[in-house]
Every structure is written in C-alpha cells, then in structure tokens.
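As a plain string of letters, each chain reads:
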Amino acid sequence: MAPPIALPETFARAVAGLRSVTCRPEIVLEEVGAPQRLAPYAFALSAGVLRDGDDEVATGRLILLHDPAGHEAWQGTLRLVTYVTAELEVDLASDPLLPGVGWTWLTDALDAQEARYRAIGGTVTQTLSTRFGELAGPPAAGDIEIRASWTPLGPDLAPHLLGWCTLLASTAGLPPPGVTALPTRRPAGAA
C-alpha cells in the first residue's frame, strides 16, 4: 500500500473551507471526481437545484485548481472554475439582455458574500430549442449556461462557495432565502 500523499497546506485549507459550507436546502452538493490534467491538485463539487422537492431545474460544477508554482494567467496559485446551466422560460431565454444579467448574477453573488477575487472571466450562453419531426412534443425550451473562472484572494473559500450557491439559486429562479414563492395558479378545472 502506498503511503498517503501529503497535500500542500494552501490546497488542504481551501478544500476544508469548501467542505465547511452548507448551502440552502434546495441545493444538493456532492463531491465528484475532479479533472486531473488542469493542475497538479484539483477538487470538484457538483450541484443540483431542486424546486418543489424533486424537480431539478439547474445544475452546476465548481472545480478548485491548485498549482503551487503559480500560473501567470491565474495571477495566483488557486483557481475556481464553474459551469452552471438552467432551463428558462422561452421569453426569458430569448431576452437579448440575458447574457449581461447572467454575468451580473455571478459577480453580484460573489460580491454579496465578500468573496474577493481577481482575473475573472467567462461566457454566458443562451439557447432556444424547438422540436420537430420525431422529437416534436413539448413547446420551445430555453437554457442559460454560465462558464467562468476566477482567482480567489485569501485562503478562505467558503464565501466563494456561498456566492456560487447564490448564482445557482438565481439561475434556477429561486426566491431569496426567507421569501416564499407564491404557488402558480392553475385555471379552474385544470388537473
């Protein structure tokens, strides 16, 4: 049996900070395998956002990368990389302002948690899909996809994970914590 590999203190502390966070109950976090070719050390979480108990409306992945030698593009030794996707109502998904709003969801969420960062960059993609032929069925559908990365400043990554959970909640259309969404009204006679 090989002896355990000692992790760099910076990386171990960062992972411990991520593991210490509890998100709101609609967001289910799970540790998953991290890509091994992006940096010498990596840790990953996946998330599913549930609405009405079991309806998954958004998913995401947050990856922590660590290169003790540093990385010029990162401007540091740690890097957080995220991918978030959610289904949207067609009218929202077709809004030309959506990409800017989606990016603001990320930066505002990090700023609200006082998660300090630098070298942030990414993309926001909106898509509309209409089914035809053998796939015909449900009406048009829309999605948003946010891909981003940033370099955290400071050793405590808990605020970054809390900000990421806020981003997930925003993309899923969840109300702010403590606010109860009004039930959707169904027309009389609807099942």
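Everything discussed here concerns the structure shown above.
Residues numbered from 1 in each chain as written. Predicted model: local features only at pLDDT ≥ 70, side-chain atom pairs only at ≥ 80, totals over all residues. Heavy atoms only, no water.

Side note on a negative patch on the surface
A cluster of acidic side chains, namely Asp-52, Asp-54, Asp-55, Glu-56 and Glu-87, defines a negative patch on the protein surface. Relative to the assigned elements, Asp-55 resides in strand β3 (residues 55-71). Given a relative accessible area of 41%, Asp-55 falls into the partly exposed group. (Patch = residues over 30% accessible without salt bridge, like charges linked within 9 Å, V, L, I, M, F, W, Y side chains within 5 Å. Areas by Shrake-Rupley, 256 points an atom, 1.4 Å probe, with all protein chains shown as cover. Salt bridge = Lys/Arg side-chain N within 4 Å of Asp/Glu carboxyl O. Lys, Arg positive; Asp, Glu negative; His and termini not counted. Charge placed at Lys NZ, Arg CZ, Asp CG, Glu CD. Helix = DSSP H or I, 4+ residues; strand = E, 2+ residues; numbered from the N terminus. Buried < 20%, exposed > 50% of the residue type's maximum accessible area, 1.4 Å probe, protein only.)

Here's the deal with the packing of aromatic side chains
Enumeration according to the criterion identifies one aromatic pair in this entry. For the ring pair Phe-11 and Tyr-41, a centre distance of 5.7 Å and an interplane angle of 40° mean the geometry is tilted. Within this pair, whereas Phe-11 is found in helix α1 (residues 9-19), its partner Tyr-41 is found in strand β2 (residues 41-51), the two being separated by 30 residues in sequence. The class for Phe-11 is buried, based on a relative accessible area of 4%. (Phe/Tyr/Trp six-rings, centres within 6.5 Å; stacked < 30°, edge-to-face > 60°.)

A word on the sheet that holds strand β6 (residues 141-152)
If you trace the six strands from one edge of the open sheet to the other, you get β1-β2-β3-β4-β6-β5, paired in antiparallel fashion. Each edge of the sheet is formed by a strand with only one pairing partner; in this case those strands are β1 (27-32) and β5 (117-129). Here the average twist between neighbouring strands, direction ignored, is 15°. Bridge analysis of β1 against β2 gives six bridges, and the strand direction is antiparallel. Counterpart to Glu-31 in the pairing with β2 is Leu-45. Running over the sheet, helix α4 (residues 158-172) touches β1, β2, β3, β4 (76-88), β5 and β6 and is turned about 150° from β3. (Pairing = 2+ DSSP bridges. Axes fitted to C-alpha atoms, helices over the stretch in contact; angles between N-to-C directions. Contact = heavy atoms within 4.5 Å.)

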